[in-house]
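Residue-level listing of the chains:
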Amino acid sequence: MAGRWMEFGKYGAAGAPGGEALGIAMEGMVHGISSPVDSERGLAARLNYLTKSDAGYEAMDRAGVHVSPRTLMAWLAEERSPNKANLARLDAAYWDLRRRNVAADLKHRLNNDGRGTRVEINPVNQRGVEQKYRRDLAPRSVNVRGVWDRAVDAWMDDDQDELDAVWDEVLDLIGSDCDGYSYVSSIGWSA
């Protein structure tokens, strides 16, 4: 996937492979509770989120939170606090569930009923590159459709090879200078 960037960064260009940038952009869509898990507010919010659905209990199970219903009820009632290990597991369960919920929403929003999503691709940062070695690259905007379910699944599975394969399909939409966007500074969309 290197294209003409045979030795990327040799002359000072900065960026990331497009597939990696795709994963970073999706991860950037995951927002949640800003209070730390060891604060009263942060713990209460996480427990509330996790105990509202079967998916939350499944996330706790995946994270290794294995406590009795009595202990869980004591945590919810703020009568007892989890130890450090369980605080870390609760935080991991919370973010796992957030990612899963965002993934389902992302598939729907990015597919946009088959119309796809307009993606802005920002080329590599060449500020550190001598003028004679710079490439003439401008931000590009393309409508991407038909790959979003695969992209989101690959992001959820941390499958960088599949994200790279999806990015190769996106590059095909750019046209003649597609290999100039094998590495990018960032990508984004409004979804």
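Draft legend 1. Fine view of the confidence of the model for the protein chain. Of all residues in the protein chain, 96% attain a pLDDT of 70 or more, and the chain-wide mean is 91. Ranking the elements of the protein chain by mean pLDDT puts strand β1 (residues 16-17) last, at 90, and helix α3 (residues 54-63) first, at 97.

Draft legend 2. Here's a closer look at the nonpolar core. Counting 35 residues, the largest nonpolar core has L22, M26, I121, W155, I187 and W189 as the members making the most contacts within it. In this view, W189 contacts L22, A25, M26, M29, L106, L110, T117, R118, V119 and W148; residues no more than four positions away in its chain are not counted. Grouped together as the second largest cluster of nonpolar side chains are 15 residues, I33, L43, L72 and L87 included.

Draft legend 3. Layout of helix α5 (residues 84-111). Across its 28 residues, α5 extends 40 Å between first and last C-alpha, which sits within 8% of the 40 Å expected from 1.5 Å per residue. At the N-terminal boundary of α5, the capping side chain belongs to N83, with an oxygen 3.2 Å from the backbone nitrogen of A85. Two residues or fewer past α5, N112 is found with a positive phi of approximately 50 degrees.

Draft legend 4. Broad picture of the sheet that holds strand β3 (residues 140-144). Taking strand neighbours across the sheet as the criterion, the 4 strands line up as β1-β4-β2-β3 in an open arrangement whose pairing is antiparallel. Because the sheet does not close on itself, it has two edges, and the strands there are β1 and β3. Bridge analysis of strand β2 (residues 117-123) against β3 gives 5 bridges, and the strand direction is antiparallel. For T117, the partnering residue across the bridge sits in β3 and is V144. In the packing of helix α7 (residues 160-174) onto the sheet, the strands contacted are β2, β3 and β4 (183-189), and the crossing angle to β3 comes to about 115 degrees.

Draft legend 5. Region of interest: the environment of H31. One can find H31 in the loop between α1 (18-27) and α2 (40-50). With relative accessibility at 55%, the residue H31 sits in the exposed group. C-alpha of H31 to C-alpha of L43: the two residues are 12 residues apart in sequence and 16 Å apart in space. Excluding residues that lie within four positions of it along the chain, H31 makes contacts with W95 and R98. Among the polar contacts listed, one links the side chain of H31 to the backbone oxygen of G28, at a separation of 3.1 Å.

Draft legend 6. Spatial organisation of a negative patch on the surface. A surface patch of negative charge is lined by D157, D158, D159 and D161. Mapped onto the elements of the fold, D158 is located in the loop between α6 (148-156) and α7. Residue classification places D158 among the exposed positions, given a relative accessible area of 64%.

Draft legend 7. Highlighting the packing of aromatic side chains. This structure, assessed with the given rule, holds 3 aromatic pairs. Consider the rings of Y49 and Y94, whose centres lie 5.2 Å apart with planes at 70 degrees: the pair is edge-to-face. In this pair, Y49 sits in helix α2 while Y94 sits in helix α5, placing the two residues 45 residues apart along the sequence. Taking relative accessible area as the criterion, Y49 reaches 22% and is therefore assigned partly exposed. Seen in terms of ring centroids, W148 and W189 are 5.4 Å apart; in terms of plane orientation they differ by 65 degrees. Their pairing is edge-to-face. Note that W148 is positioned in helix α6 and W189 in strand β4, a separation of 41 residues in sequence. W189 matches W148 in its accessibility class, with the two residues each being buried. Here the aromatic cluster, defined as three or more aromatic residues joined through ring pairs, consists of Y49, Y94 and W95.

Conventions and cut-offs
- Residues numbered from 1 in each chain as written.
- Predicted model: local features only at pLDDT ≥ 70, side-chain atom pairs only at ≥ 80, totals over all residues.
- Heavy atoms only, no water.
- pLDDT = per-residue confidence, 0-100.
- Helix = DSSP H or I, 4+ residues; strand = E, 2+ residues; numbered from the N terminus.
- Core = buried A, V, L, I, M, F, W, Y, C linked by side-chain atoms within 4.5 Å.
- Buried < 20%, exposed > 50% of the residue type's maximum accessible area, 1.4 Å probe, protein only.
- Contact = heavy atoms within 4.5 Å.
- Expected span 1.5 Å × (residues − 1).
- Polar contact = N/O pair within 3.5 Å; in protein donor to acceptor, adjacent residues only side chain to side chain.
- Pairing = 2+ DSSP bridges.
- Axes fitted to C-alpha atoms, helices over the stretch in contact; angles between N-to-C directions.
- Patch = residues over 30% accessible without salt bridge, like charges linked within 9 Å, V, L, I, M, F, W, Y side chains within 5 Å.
- Areas by Shrake-Rupley, 256 points an atom, 1.4 Å probe, with all protein chains shown as cover.
- Salt bridge = Lys/Arg side-chain N within 4 Å of Asp/Glu carboxyl O.
- Lys, Arg positive; Asp, Glu negative; His and termini not counted.
- Charge placed at Lys NZ, Arg CZ, Asp CG, Glu CD.
- Phe/Tyr/Trp six-rings, centres within 6.5 Å; stacked < 30°, edge-to-face > 60°.

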